[in-house]
Amino acid sequence: MPAEERVPPELVCPAGSLPALKAAVDAGANCVYLGLRDATNARNFAGLNFDEAAILKGIDYAHAKGCKVLLALNTYPKASAPEAWRAALDRAARWGVDAVILADPGLMRYATEHHPDLRLHLSVQGSATNHAAINLYQKQFNIQRAVLPRVLSLEQVRQVIERTSVEIEVFAFGSLCVMVEGRCALSSYVTGESPNTHGVCSPAKFVRWQETPKGMESRLNGVLIDRYEPGENAGYPTLCKGRFDVCGESNYYALEEPTSLNTLELLPQLVKLGVRAFKIEGRQRSPAYVAQVTQVWREAIDHCMQQGHRYVPKTAWMASLDQIAEGQQHTLGAYHRPWK
């Protein structure tokens, strides 16, 4: 299809705060996604997210500039107390958000029964990695878009898109997860709290940094996650990105290195496959981060739509993103699997 006939994919950007939302909108986001200040949100960090007053201001600001607002209610309700999640859905419908991002089928059923006009997106936390699962959500709950986990190769993404009429959204830039999202057991192993129900991989109450004679140490619920040399950046401790001694070998990142997914060079291929939206990870990051990433991706998507197969990512874009990437390095992750 000629470049001028393609439907431009949407750029979906993170908003962990009202300043971050405004930064994303001003830099050219088509959609912003955000969460409430409670356990309904999978990025439930202290000091982040939205109360009702802030979300109403954010919706007004975004809509005035033609940007959509997506509300992430993407954790799983507690069996003993699902009321907070249902109340959040009721408020989302009243506020006029453009869609809610859900993982739990029970919440989807509640939404279809009580708010049939509310647009529903399947969260990456729903762990739908194949077309059959996505089509089931569409049939049962009228899901309009599905966010794919970051474990699929390009070929697998193609197979999904070819076999469903549901819009497909993929992660384009940001921190990687070693697990299939929605199926993580590592954090709960150390803290007793899961990101699927409590909203964060490493709850702040369990995080500690301490200067020792051996260097700066980071701990999660008392478990040593990493030790840093003088001058080395001390990252936020998550179990999957810690350095460990394994079978007497030298200390190294045993599960996953701190690095960011960056798919700029794959843009033409992903657009050709029919990807409907590109998602930027980082609701826990600063407004300056959001502005910088959004600006680069806005330029890149527009350039790709104009240039088609002649598109080449600019060196300045890659350098800009590497500056703010986790570990200041990037990867294509599972999108590039030479054995596939």
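Residues numbered from 1 in each chain as written. Predicted model: local features only at pLDDT ≥ 70, side-chain atom pairs only at ≥ 80, totals over all residues. Heavy atoms only, no water.

Caption draft 1: Summary view of unusual backbone geometry. The backbone phi angle of Asn142 is positive, close to 60 degrees, even though this residue is not glycine. Secondary-structure assignment places Asn142 in the loop between α5 (131-141) and β6 (145-147). Residues other than glycine seldom take positive phi values, yet Asn221 does so here, at roughly 55 degrees. Position of Asn221 relative to the elements: it lies in the loop between β9 (215-220) and β10 (223-228). (Helix = DSSP H or I, 4+ residues; strand = E, 2+ residues; numbered from the N terminus.)

Caption draft 2: Up close: the packing of aromatic side chains. By the definition in use, this model includes three aromatic pairs. Residue placement shows Lys22 over the ring face of Tyr61; its charged tip is 5.4 Å from the ring centre. Stacked on the ring of Phe171, the Lys or Arg Arg150 has its end atom at 3.9 Å from the ring centre. (Phe/Tyr/Trp six-rings, centres within 6.5 Å; stacked < 30°, edge-to-face > 60°. Lys NZ or Arg CZ within 6 Å of the ring centre and 35° of its normal.)

Caption draft 3: Region of interest: the environment of Ser175. Mapped onto the elements of the fold, Ser175 is located in strand β7 (residues 167-175). Take Ser175: its relative accessible area is 18%, and that puts it in the buried class. (Buried < 20%, exposed > 50% of the residue type's maximum accessible area, 1.4 Å probe, protein only.)

Caption draft 4: Fine view of the state of the cysteines. Scanning the model with the defined rule gives zero disulfides in all. Left unpaired, Cys13 is separated from the closest cysteine sulfur, that of Cys67, by 7.8 Å. For Cys13, a relative accessible area of 0% translates into the label buried. With no disulfide of its own, Cys31 lies closest to Cys67 among cysteine sulfurs, the gap being 6.1 Å. On the accessibility criterion, Cys31 (1% relative accessible area) is buried. (Disulfide = S-S within 2.5 Å.)

Caption draft 5: Inspection of the sheet that holds strand β8 (residues 207-212) at higher detail. With respect to topology, three strands assemble into an open sheet ordered β8-β9-β10, the strand pairing being antiparallel. At either end of the open sheet lies a strand with only one pairing partner, and these are β8 and β10. Each neighbouring strand pair of the sheet contributes to a mean axis angle of 25 degrees, computed without reference to strand direction. In this sheet, β9 lies alongside β8 in antiparallel orientation, the contact comprising six bridges. Each residue of the ladder has a partner; that of Glu211, found in β9, is Met216. (Pairing = 2+ DSSP bridges. Axes fitted to C-alpha atoms, helices over the stretch in contact; angles between N-to-C directions.)

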